[in-house]
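# Observations on the model geometry
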Amino acid sequence: MNPHSTATGLDGSELLDLTQHEIQALRTRFNLADAHTHQRQSAAQREIVARLPELWYEAEEGLQATYEQRFTEAFFRLHRQPTALAKNKTLLSYAASISTMVAGMYLKQHRKSVTLVEPCFDNLYDVLANMGVPLYPIEESALHDPDRIYAELKRNVRTDALFLVDPNNPTGFTLLQYGRKGFEEVVRFCKDHNKLLIIDFCFASFTLFDPDLARFDIYELLESSGVSYLAIEDTGKTWPVQDAKCAMITASDDIREDVYNLHTSVLLNVSPFVLNMLTQYIEEADQNHLASVREVLTLNRESIRKALDGTILEYQEPVAPVSVAWAKINHPEMTASELQQILSKEEVYILPGRFFYWSQPDKGEAYARFALAREPRLFAEAMVRMREVVERHGR
Ligand SMILES: *Cc1c(COP(=O)(O)O)cnc(C)c1O
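What you see is a predicted model; the values in this text were computed from it and never measured.

## A closer look at the sheet that holds strand S10 (residues 324–329)
Pairing within the open sheet is antiparallel, and its four strands lie in the order S9-S10-S13-S12. Single-partner strands in this sheet number two, and they are strand S9 (313–315) and strand S12 (351–352). Helix H13 (residues 291–308) contacts S9, S10 and strand S13 (367–371) of the sheet and is inclined by roughly 145° relative to S9.

Listed below in structure tokens is the structure:
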């Protein structure tokens, strides 16, 4: 195989980002590419689906503001964020990318440059870069020692803003493993050096009910520190609701009006039906400690750990049990792009690591990402297929 060949779409053109890969993967039998939720409904979730007509008519009758309020309260209650709830200033949108665009518009409008964590989901880089925001990388490893975070940020962040993803997609790294200290150090640095702190919390639900990763009241820390911040939250990667979703952005008071004005230039409201439905999923999750979401991921995580054991793919143990797995390729010649092509010929679609390393793609050729939010039986079949293919390339 030509080591320089790249994956192509239906018309033979090169695939330029992860989403273009994910679109191809949607046509593939074993799609392990996008991190959207493709598993079936749990028993408790099926009961919600059975009530959809009722939820529809209810949403037709009530006030938009009522469904927004109920949704936001349920969400921040599940996430144990009383300060966010009390501040009552969170803005809702239909996708995290829309919230990120609003953050990008704010940055562009105020001519602010950004330091963005690497690796991370390329959509964040692409949205900001396409909006003309100057971007510089900081390696995630700069955050790996809580005693060094402040010094590492001081050494690496020369821009007006710092953009982190916690837990990170694809690695599952989270500052929550250090209790309050990790976020405190980040906030202290940003406050001392007048940096706007932007945090993408879209994967935060995967830390809930994990005894080692208690999500303390992060908004209390942000608010009491006086730091300028934008915090993005999301439901999109958590529940299997066919991409009906709601994202949120919360801004510190100093920039809140500017952000509000940008937000209203983009949208009026999220569908009250979607909000009403999501509220049911959130409340069920709160009652059952997110069991239906976490059980699927735990099964599939075990399944991939076993499938990769003893192969050239080394499973990377994540700090937070996120909905994607990240593996290192231990092979002198095999790149992630090649692996992706070999596997896609066998109907297994994975994502090559190069896109997550947005400033130095070649570094990502040593990694691959696998989505776990899949029906466990299908995922197990994919793992059998993947192991067969990978074993041909040694151990
Ligand atoms: C998926 C994802 C997004 C974007 O979500 P959309 O619903 O596709 O807009 C943003 N941040 C993270 C960490 C994600 O995983």
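Here the narrative resumes.
## Re the UniProt feature "domain: Aminotransferase class I/classII large" (unreviewed entry) in the chain
When the UniProt feature table is mapped onto this chain, "domain: Aminotransferase class I/classII large" (unreviewed entry) is found at residues 94–358. With 41% helix and 17% strand, residues 94–358 has its two end C-alpha atoms placed 25 Å apart.

## Points about the environment of Val-127
Inspection of the secondary structure assignment puts Val-127 in helix H7 (residues 122–130). Sequence-distant contacts of Val-127, that is, excluding residues within four places in its chain, are made with Thr-100 and Met-101.

## Observations concerning the site of the ligand
Taken together, the residues surrounding the ligand are Ala-95, Ala-96, Ser-97, Phe-121, Asn-123, Val-165, Asn-169, Asp-200, Cys-202, Phe-203, Lys-237 and Lys-245. The contact in question runs from an oxygen atom of the ligand to an N or O atom on the backbone of Ala-96, over 3.4 Å. Asp-200 places a polar side-chain atom, nitrogen or oxygen, 2.6 Å from a nitrogen atom of the ligand. Contact with the protein chains covers 94% of the free accessible surface of the ligand, which is 380 Å².

## Quick look at the state of the cysteines
Enumeration over the complete set of coordinates arrives at zero disulfides. In this structure Cys-190 is a free cysteine whose sulfur lies 16 Å from that of Cys-120, the closest cysteine sulfur available.

## Considerations on the packing of aromatic side chains
Counting across every chain of the model gives 14 aromatic pairs. Here the aromatic rings of Phe-183 and Phe-201 are separated by 6.1 Å at their centres, their planes lie at 50°, and the arrangement is tilted. Separated by 18 residues along the polypeptide, Phe-183 in helix H9 (residues 181–192) and Phe-201 in the loop between strand S6 (196–200) and helix H10 (218–225) bring together distant segments of the chain. With relative accessibility at 2%, the residue Phe-201 sits in the buried group. Here the aromatic cluster, defined as three or more aromatic residues joined through ring pairs, consists of Phe-71, Phe-75, Phe-76, Tyr-219 and Tyr-229. For Arg-215, the ring lying beneath its charged end belongs to Phe-201, and the centroid distance is 4.6 Å. We note Lys-237 situated over the ring of Phe-121; from NZ or CZ to the ring centre the distance is 5.2 Å.

## Re the sheet that holds strand S2 (residues 91–93)
Two pairing modes exist for strands in a sheet, parallel and antiparallel, and in both the strands are linked by backbone hydrogen bonds. If you trace the seven strands from one edge of the open sheet to the other, you get S2-S8-S7-S6-S5-S3-S4, paired in mixed fashion. Every interior strand has two partners, whereas the edge strands, S2 and strand S4 (135–139), have only one. With strand direction ignored, the average angle separating the axes of adjacent strands in the sheet is 20°. Along the sheet, helix H6 (residues 96–109) makes contact with S2, strand S3 (114–118), strand S5 (161–165), S6, strand S7 (229–234) and strand S8 (247–251), crossing S8 at roughly 30°. Along the sheet, H9 makes contact with S5 and S6, crossing S6 at roughly 150°.

## Side note on the environment of Gly-132
Examined against the element boundaries, Gly-132 turns out to sit in the loop between H7 and S4. Overall, the relative accessible area of 36% leaves Gly-132 in the partly exposed class. In this structure the C-alpha to C-alpha distance between Gly-132 and Ser-228, which are 96 residues apart in sequence, comes to 21 Å.

## A look at the side chain of Glu-22
By secondary structure assignment, the location of Glu-22 is in helix H1 (residues 18–25). For the buried residue Glu-22, which engages in no salt bridge, the nearest side chain bearing the opposite charge is Arg-369, 4.0 Å off.

## Some remarks on the pattern of salt bridges
For the coordinates displayed, the defined rule picks out 26 salt bridges. Shared partners join several salt bridges into a network, and the residues in it are Lys-87, Lys-89, Glu-223, Asp-253 and Arg-256.

## Remarks on the packing of helix H4 (residues 64–78) against helix H12 (residues 272–287)
As a packed pair, H4 and H12 sit with axes 9 Å apart at the nearest point and diverge in direction by 25°. On the basis of their axis angle, the class for H4 and H12 is roughly parallel. Crossing of H4 against H12: the hand is left-handed. Contact residues: H4 offers Gln-64, Tyr-67, Glu-68, Arg-70, Phe-71, Ala-74, Phe-75, Arg-77 and Leu-78, while H12 offers Pro-272, Leu-275, Asn-276, Leu-278, Thr-279, Ile-282, Glu-283, Ala-285 and Asp-286. For the contact of H4 with H12, the per-class residue count stands at 10 nonpolar, three polar and five charged.

## Let's talk about the environment of Asp-122
Relative to the helices and strands, Asp-122 is located in helix H7. You can call Asp-122 buried: its relative accessible area is 4%. In the structure, Asp-122 is positioned 265 residues away from Arg-387 in sequence and 27 Å away in space, judged by C-alpha atoms. Contact partners of Asp-122, with chain neighbours within four places excluded, come to Asp-17, Leu-18 and Phe-355.

## A few points about the nonpolar core
Counting 129 residues, the largest nonpolar core has Val-186 and Ile-304 as its most contacted members. Counting residues per element, this core draws most heavily on H12, which supplies eight residues. Two domains each put at least three residues into this core: domain 1 (7–41 + 291–393) and domain 2 (45–287). Beyond its immediate sequence surroundings of up to four residues, Ile-304 is in contact with Tyr-315, Ala-325, Phe-370, Leu-372, Phe-379, Met-383 and Met-386. Ranked by size, the runner-up nonpolar core spans 13 residues in total, among them Trp-326, Tyr-349, Leu-351 and Tyr-357.

Rules and cut-offs
Residues numbered from 1 in each chain as written. Predicted model: local features only at pLDDT ≥ 70, side-chain atom pairs only at ≥ 80, totals over all residues. Heavy atoms only, no water. Pairing = 2+ DSSP bridges. Helix = DSSP H or I, 4+ residues; strand = E, 2+ residues; numbered from the N terminus. Contact = heavy atoms within 4.5 Å. Axes fitted to C-alpha atoms, helices over the stretch in contact; angles between N-to-C directions. UniProt positions renumbered as here; feature names shortened; annotations may be inferred. Near = heavy atom within 4 Å. Polar contact = N/O pair within 3.5 Å; in protein donor to acceptor, adjacent residues only side chain to side chain. Areas by Shrake-Rupley, 256 points an atom, 1.4 Å probe, with all protein chains shown as cover. Disulfide = S-S within 2.5 Å. Phe/Tyr/Trp six-rings, centres within 6.5 Å; stacked < 30°, edge-to-face > 60°. Buried < 20%, exposed > 50% of the residue type's maximum accessible area, 1.4 Å probe, protein only. Lys NZ or Arg CZ within 6 Å of the ring centre and 35° of its normal. Lys, Arg positive; Asp, Glu negative; His and termini not counted. Salt bridge = Lys/Arg side-chain N within 4 Å of Asp/Glu carboxyl O. Parallel < 35°, antiparallel > 145°, perpendicular 65-115°, else oblique. Left-handed = near helix turned anticlockwise from the far one by under 90°. Nonpolar A, V, L, I, M, F, W, Y, C, P; charged D, E, K, R; others polar. Core = buried A, V, L, I, M, F, W, Y, C linked by side-chain atoms within 4.5 Å. Domains from an automatic or database assignment.

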